[in-house]
Amino acid sequence: MKGARPRLSAAPPAARATGEKRLAEGGREDTYMSKKYRMGKRFQKVLTMGILAEIAVLVVAYFVYEWLLGEWIPSLTGGPLLAIFGSIGILAVWCTNKFLRRFNENYWYEVTEKGLRMNRGQTARFYPWEDFKGARVNRFSFLSALPVIFDMTNGPMELDRSLEDSYGLTMEVLRHIKDHADISQDVKDRINLVDLMAK
C-alpha cells in the first residue's frame, strides 16, 4: 500500500529476533494442518445471548398484550394468553438453537498445505498462500491479541476474530507466508508482547 504507515516503537534487537523465531516455530507439517478453527465457546455465548434476548422480548410482549386485551377480550388473558406466548417462546428457542448450531457447524477456517480454506454456510473460499503479499497490524482494533490485516492479491483481508483460537489461526497463516510475504515489524512486535503477557 502507498504512503507511510504509523509504527509502534521499535522493539530491541533481541525482541525482534524472538518474534522472527516464533514465526519460524512449528514449520508447515504440524498438528494444525488439519485443524478446523470454529467459534467454540464463543458460539455458546452467542447462542445463550440470543435465547435470553428472545425470552426478554416475549415477556415484555406478553404483559403488553395482556394489558391491551384485558379490556377488549378478557377471556383471552391469563392462562390462554400465557399458553400462546409459551408456545411461541418454545418454538422460537428451538428454531434459534437449530439455526445457530447449523451455522456453527458450517462456519470454519482450515489451514492446508496449499492455502487457507474458509467455509461460511453455502459460501466456500480458498486462498492460496501465494496470494498473501503482506501482513500488518490493524491499529484500530482493540478486541484481539493479534489483529492482523493480510494484504492479498485482490485487496486486504482480515480473519474472523470471533473464533475461539483466532490467535492460533493467525500464527499458522503467518508461518506459511513468512518466506515470501512482507510481514511488518509491528506484527512481530505484537507477537512478542502477547508472549510476554502469557508468561
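Because the structure is predicted, anything quoted here is derived from the model rather than measured.

1. Focus on the sheet that holds strand E7 (residues 155–158)
Consideration 1: Spatially, 4 strands are ordered E7-E6-E5-E8 in an open sheet, and the strand pairing comes out mixed. Taken across any chain shown, the strands that pair with only one partner, and hence form the sheet edges, are E7 and strand E8 (182–183).
Consideration 2: In this sheet, E8 lies alongside strand E5 (residues 132–137) in parallel orientation, the contact comprising 2 bridges. Note on E8: the bridge partner recorded for Gly-134 is Asp-182.
Consideration 3: Of the strands in this sheet, E5, strand E6 (148–152) and E8 are in contact with helix H4 (residues 166–177), which crosses E6 at around 40°.

2. Details of the nonpolar core
Consideration 1: Counting residues in hydrophobic clusters, the biggest one holds 33 residues, and the most contacted among them are Leu-116, Phe-132, Phe-150 and Leu-174.
Consideration 2: For this core, the elements supplying multiple residues, two or more each, are helix H2 (41–72), strand E2 (107–111), strand E3 (115–120), E5, E6, H4 and helix H5 (185–198).
Consideration 3: Top contributing element to this core by residue count: H4, with 6 residues.
Consideration 4: Every residue in contact with Phe-150, bar those within four places of it in the chain, is listed here: Phe-132, Gly-134, Ala-135, Gly-155, Pro-156, Met-157, Leu-159, Thr-170, Val-173, Leu-174 and Ile-177.
Consideration 5: Leu-58, Tyr-62, Leu-81 and Phe-85 belong to the second-largest nonpolar core, a separate cluster that totals 5 residues.

3. Some words on the sheet that holds E3
Consideration 1: As summarised here, the arrangement of the 4 strands in space is E1-E2-E3-E4, forming an open sheet in which the pairing is antiparallel. For this open sheet the edge positions go to strand E1 (36–37) and strand E4 (123–128), each flanked by a neighbour on one side alone.

About the thresholds
Residues numbered from 1 in each chain as written. Predicted model: local features only at pLDDT ≥ 70, side-chain atom pairs only at ≥ 80, totals over all residues. Heavy atoms only, no water. Pairing = 2+ DSSP bridges. Helix = DSSP H or I, 4+ residues; strand = E, 2+ residues; numbered from the N terminus. Contact = heavy atoms within 4.5 Å. Axes fitted to C-alpha atoms, helices over the stretch in contact; angles between N-to-C directions. Core = buried A, V, L, I, M, F, W, Y, C linked by side-chain atoms within 4.5 Å. Buried < 20%, exposed > 50% of the residue type's maximum accessible area, 1.4 Å probe, protein only.

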